[in-house]
Amino acid sequence: MIQLENTAVQSLPARRVSAEEFCDLARQTKSSVYRPRWEVLRMLAVGEAWGAAAPDGTLEAALLVLPLEADVSLAAGLRALEGGLPARGFLLTPPAGAPEYLPALLKAAKNAAVRRAPPSPVRAVLEWGIGSPQAQTLETYFSQGFALRALRPLQTMAPLALLTSAPVNTRGQEVWVPLEDATHLALLLARGWAAVGSRGERGNTALRLVSLHG
């Protein structure tokens, strides 16, 4: 398992942030999800912005908690992927900002989504971008009970990693796949596997995949 660092930073409380604060941070992030600006404003109009700040109050990391039924591109793409309108629930957008603040931010945002729709699993997306997302970022999601369920583009967006907090049986058949092998990883996920953990392997990272079919 990848070890998380900067415990003091991770323990700082996360909070709701204003639309202006979120837009300022998102503007500094290379992201297909947070472009164009008018789409970000649409997401802010229907969702909640959550952020983690440094001790001096400077916003360091943030993401959005979106209703799955929201009329925005990200939610619509997920609905199309799942074959229609999913059950009531919420979607966490990719985090923007400093990764060391993600643990506290993710925990607060997930709790906010659970409070608003208790019976529903929380979904989340991460931008895959060029290469692979940082191993530590995925490990942070795994530590909060998320499983990686798919790797594919949504509509015209760049490839996204799709995660869900729905419980996964982790005692069945398993394989380890290098994080850099996106093609093999996407194929196994599409065939009913889910990534639930990671480990360092000869200087690289391998993801632990379990079969959802036992």
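As shown above, the structure is provided for reference.
A quick note: this is a predicted structure, and the numbers were derived from the prediction, not measured. Counting restarts for each chain: residues are numbered from 1 in the order of the written sequence. Restriction of local features to residues with pLDDT of at least 70 applies here, the model being predicted, together with a cutoff of 80 or more for giving and counting side-chain atom pairs; totals for whole chains, interfaces and linings are based on all residues. Heavy atoms throughout the structure, all of them, feed into the side-chain values; hydrogens and water do not.

### Brief notes about the packing of aromatic side chains
Stacked, tilted and edge-to-face are the three classes assigned to paired rings of Phe, Tyr and Trp, where Trp is represented by its six-membered ring and a pair needs centres within 6.5 Å; plane angles under 30 degrees give stacked, over 60 edge-to-face, the rest tilted. Per the stated rule, a full pass over the model turns up two aromatic pairs. Arranged with centres 5.4 Å apart and planes meeting at 80°, the rings of F22 and Y34 form a pair that is edge-to-face. Of this pair, F22 sits in helix α2 (residues 19-26) while Y34 is found in the loop between α2 and α3 (37-46), placing the two residues 12 residues apart along the sequence. Across this residue pair, the class does not change: F22 and Y34 are buried. Secondary structure elements are taken from DSSP: a helix is a run of H or I of four residues or more, a strand is a run of E of two residues or more, and numbering for both begins at the N terminus. Any residue under 20% of the maximum accessible area for its type is buried, any over 50% is exposed, and the rest in between are partly exposed; the area is computed with a 1.4 Å probe on protein chains only.

### A word on the environment of L185
Checked against the element boundaries, L185 lands in helix α7 (residues 182-190). Here L185 falls in the buried class, since its relative accessible area comes to 0%. Through-space distance from the C-alpha of L185 to that of L151 is 7.7 Å; in sequence the pair is 34 residues apart. Two residues form a contact once any of their heavy atoms are found within 4.5 Å. What L185 contacts, discounting residues up to four positions off in sequence, is W128, L148, L151, V177, L207 and L209.

### Digging into the layout of surface pockets
Vacant regions in the atomic arrangement are exposed by a probe of water-molecule size rolled over the atoms. Cavities and pockets were defined on a 1 Å grid built from protein atoms only: a cavity is a group of points that admits a 1.4 Å probe but offers it no way out, a pocket is an open group of points flanked by protein on both sides within 12 Å along at least five of seven lines, and a lining residue is one with an atom within 4 Å of any such point. Grid points are joined across faces, edges and corners, and a volume is the space filled by probe spheres set on the points. Within this model, the second largest pocket holds a volume of roughly 310 Å³. In this structure, the second largest pocket is lined by 14 residues; those nearest its centre are L81, E82, R149, A150 and L162. Elements represented by at least two residues in the lining of the second largest pocket include exactly α4 (73-81), β7 (147-152), β8 (160-164) and α7. With four residues, the top contributor of residues to the lining of the second largest pocket is β7. Here the residues of the lining of the second largest pocket are counted per class, giving nine nonpolar, one polar and four charged. Residues are grouped as follows: nonpolar covers Ala, Val, Leu, Ile, Met, Phe, Trp, Tyr, Cys and Pro; charged covers Asp, Glu, Lys and Arg; every other residue, Gly included, is treated as polar.

Limitation: the analysis is restricted to geometry and does not speak to function.
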